[in-house]
Amino acid sequence: MHYLSDIDGVSIYPIISLFIFFVFFIGLFYWVQKMDKSSIDEIRNIPLDNSNPNNLNN
Amino acid sequence: MDYVKVSYDNKIVKQFAVATVFWGIIGMTVGLWIALELVFPKLNMGIPQLTFSRDRPIHTNAVIFAFVGNGIFMGVYYSLQRLCKTRMLSDFLSKLHFWAWQLIIVLAALSLSMGITTGKEYAELEWPIDILITLVWVIFGINMMGTIIKRRERHIYVGIWFYIATLVTVAMLHIVNSLEIPISLTKSYPIYAGVQDALVQWWYGHNAVAFFLTTPYLGLMYYFLPKAANRPVYSYKLSIVHFWTLIFLYIWAGPHHLLYTALPHWAQTLGTVFSIMLIAPSWGGMVNGLLTLRGAWDKVREDVVLKFMVVAVTAYGMSTFEGPMLSLKNVNAIGHFTDWIVAHVHIGALGWNGFLTFGILYWLIPKMWRTNIYSKSAANFHFWIGTLGILVYAVPMYWSGFTQALMWKDFTPEGNLSYTFLETSTQLKGMYALRSIGGTLYLIGVFVMAWNLIKTAKQGSFLANEDVEVPAMAKTYNKPKGEFWHRPLERRPVQFMILALVMVIIGGVIELVPTFLIKSNIPTIASVKPYTPLELQGRDIYVREGCYVCHSQMVRPFRSEVKRYGEYSKAGEFVYDHPFQWGSKRTGPDLAREGVGTLKKNDSWHYMHMLNPGEVSTGSVMPPYPWLHKNELDTSTTAAKIRVMQKLGVPYPEGYDKIANQDLMKQADQIAANLQTEKEIESSSTAEIIALIAYLQRLGVDINTETNLQNQVKK
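To keep things clear, this report deals only with the structure shown in the data block.

Rules and cut-offs
- Starting afresh in each chain, residues are numbered from 1 along the sequence in its written order.
- Whichever chain is written first becomes A and whichever ligand is written first becomes 1, with later ones labelled in order.
- Thresholds applied to this predicted model are a pLDDT of at least 70 for local features of residues and 80 or more for the giving and counting of side-chain atom pairs; totals over whole chains, interfaces and linings are not thresholded and use all residues.
- Side-chain calculation: all heavy atoms of the structure are included, whereas hydrogens and water are not.
- The term salt bridge refers to a side-chain nitrogen of Lys or Arg lying within 4 Å of a carboxyl oxygen of Asp or Glu.
- Segments assigned H or I by DSSP are reported as helices when at least four residues long, segments assigned E as strands when at least two residues long, and all are numbered from the N terminus.
- Note on exposure labels: buried denotes an accessible area under 20% of the residue type's maximum, exposed denotes more than 50%, and partly exposed covers the range between, all computed with a 1.4 Å probe on protein chains only.
- Under the rule applied, a polar contact is a pair of N or O atoms within 3.5 Å (in protein, one hydrogen donor and one hydrogen acceptor; residues adjacent in sequence only if both atoms are side-chain atoms).
- Contacts are assigned to residue pairs that have any heavy atoms within 4.5 Å of one another.
- For this analysis, a nonpolar core means a set of buried residues of the types Ala, Val, Leu, Ile, Met, Phe, Trp, Tyr and Cys, connected via side-chain atoms within 4.5 Å.
- Pairing between strands requires that DSSP locate at least two bridges from one strand to the other.

## Points about the pattern of salt bridges
Residue and element names in this part refer to chain B.
Turning to step 1, where the next piece is worked out: One pass over the structure, following the stated rule, counts 25 salt bridges over all chains.
Turning to step 2, where the next piece is worked out: Residue Glu 535 is joined to Arg 698 by a salt bridge in which the shortest nitrogen-to-oxygen separation is 2.5 Å. Remark: Arg 698 occurs in helix α26 (residues 688-698) and Glu 535 occurs in helix α19 (residues 533-544); sequence separation between them is 163 residues.
Turning to step 3, where the next piece is worked out: We classify Arg 698 as buried; its relative accessible area is 9%.
Turning to step 4, where the next piece is worked out: Sharing partners across several salt bridges, the network here consists of Arg 54, Arg 544, Glu 545 and Glu 688.

What follows is the structure, encoded as structure tokens:
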């Protein structure tokens, strides 16, 4: 009945997932730090959308 | 630049907006009603549908799924079209989504008032409605993802990420927690029992807060707050980190609802650790919201929309600090089961969800009706009476929570408990009265808003289809230099959805699976036996009437609780409990040991007590349940119930379903005879109260027998 502990080397799986997430978040932080400022400005202005002056009601 | 014409569908937004206000009023009115019932326990007038324990789930479901649910859809349908620069995928799906969601709400209100419930908090709806919810969610998902896929804006804005995470996670939570085997159209048993059921339920319950009340509203915040302030979000970088860390950490935190219970300790610790870590992304989000207003705080003084939003985001910050604090075991020992939790959730519901919804409504309605708000002063009045309402609601509940905890744990110098449970509960009546005043103030504000919005709509003219010109999306995309992994992801909604799903699945799996597969997590106790047929029927009445709303069945391992209730609860005691009934609030005392030791009362006490609790226990806030004494027990369901239980692994002998009713009658006749001898009470053996008495007398008996046996062995 001990399904999990019957799997050979089951303890490697949590370590692998920890590693994956560690790398993911390190990558995320690195990427966020390196982000290009002009593209950020463009992106964060999407909701305000003043790209077309004909649209009065945005 | 080439422009294409797009027509935004405002009609669906209008429909959801109307539904938001309508169900908000209904949900909060029911809330006020049940608040008053705690002040005047006989207010239910002996009518089951008006009783606290049946109406409290209506209140919570209405506020969460009807008020906030429609609020989410209102905001998503408005913002998604604009952020994607396209109309929703299908008007038909939008309409179907709207009407089917309203149908679910009506069915929910009707079924819960009739006592049709699974007995699992915030997931009380029975299986046919569960299936309907799943279908509607899929419709919403197709409509939303389809819209994102056909967008005319290369980049998917962060608000939409939150919508996508909401979509996939709510689907996963709802399906996993609703797995149940039907007995009839209106009754089912969950496939999980006891500790496992509790773990799944609070994994669901906690993440219903996370992914229904939080992530979609954060998405709305990232759209509507910049809109209302007319300035971009403070830090887009922060919002990216906010998103991934929030959804990753949230899914693990569920077990903090089960601290000091019979849940394995490693799972409790996991819940605590992740809850503490959650402060970081939550506050990141709050800071990002508030700092969006940097340099524009003068506007907050003038603009009622911003006022609502600022208080909403602040309330979000307060509850997301308080939540992790309550996850610390030493704080939880005080707060859990008390009114502190009620205060905590209402800071979130009234402050964060309520005020953000109101802010969005005050911004959206004038916009879609192309006019200004009808009365600014009425809106300001709403803001102030609403804020006052939150305070007058929350402060008495905090006071009450601490009072409860201190009185529960107080000992005399001789080592006895200082107060009976009844004394601790009558002490709170004044606070309950004050709380209902707070709720009234808040509700008055909502009525004023409804009037103001109707007036606004009447003076304007509604724009059902908003025609705009948007830049056509270039066919080819020139990648900027240095672009790598995350940026492309932001253009690929399906891959994005899958990654978000993987994130939440990992947390869910690591949290849930060991408890299901590793047997040693739930040690079995030999003396724990399945319920007799009459007890099983009685238990289902206990679930039907919503007794778990006010009574826990979980003695925590504290000196004060062991003294008051008896032996603390063990994981192995609950292996036949489909569903578990640990409860989350003690408005009344714990019932886990109701049938044994000093807590045991005779059958006639229970009979009289259910008929008129206030007379048997003077000052009790429990409502009377006189219909149980008149209703006949439906024994035709016994066989089916036994069979489903067998399917779920409860060891009734084979073929027992055929003879179960004989045992049921034997036990029922005995209880009826006891009533006759004890107090000369004439009761039909098949009255529902008899089954309920049988169940209440069973509580705690199993483990008590074991203690006796152990003692005998020692001797």
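## Quick word on the side chain of Ser604(B)
Residue and element names in this part refer to chain B.
Turning to step 1, where the next piece is worked out: In this fold, Ser 604 is placed in helix α21 (residues 603-611).
Turning to step 2, where the next piece is worked out: At 2.7 Å, the side chain of Ser 604 and the side chain of Glu 678 are in polar contact.
Turning to step 3, where the next piece is worked out: Excluding anything up to four places from it in sequence, Ser 604 contacts Leu 675, Glu 678, Lys 679 and Ile 681.

## Description of unusual backbone geometry
All names here are of chain B.
Turning to step 1, where the next piece is worked out: The omega angle of the peptide bond from His 578 to Pro 579 is -5 degrees, so this bond is cis rather than trans.
Turning to step 2, where the next piece is worked out: For Phe 337, which is not glycine, the phi torsion reads 70 degrees and is therefore positive.
Turning to step 3, where the next piece is worked out: Looking at where Phe 337 falls in the secondary structure, it is placed in the loop between α12 (329-335) and α13 (339-368).
Turning to step 4, where the next piece is worked out: Although it is not a glycine, Arg 370 adopts a positive phi angle of roughly 50 degrees.

## Focus on the nonpolar core
Turning to step 1, where the next piece is worked out: One finds Tyr236(B), Trp244(B) and Phe358(B) to be the most contacted residues of the largest nonpolar core, which totals 188 residues.
Turning to step 2, where the next piece is worked out: Sort the elements by how many residues they give to this core and helix α6 (residues 194-229) of chain B lands first, with 22 residues.
Turning to step 3, where the next piece is worked out: Dropping the residues within four chain positions of it, Tyr236(B) is found in contact with Met35(A), Ile40(A), Ile43(A), Arg44(A), His155(B), Ile156(B), Tyr157(B), Val158(B) and Trp161(B).
Turning to step 4, where the next piece is worked out: Residues Ile181(B), Tyr542(B), Tyr576(B) and Val650(B) belong to the second largest nonpolar core, which totals 46 residues.

## Side note on the pairing of strand β2 (residues 180-184) of chain B
Residue and element names in this part refer to chain B.
Turning to step 1, where the next piece is worked out: Examined bridge by bridge, β2 and strand β3 (residues 187-190) share four bridges and lie antiparallel to one another. Its bridge partner lying in β3, Ile 181 is registered against Tyr 189.
Turning to step 2, where the next piece is worked out: Once β2 ends, the chain turns through two residues before running back antiparallel as β3.

This is a description of form; function is not addressed.
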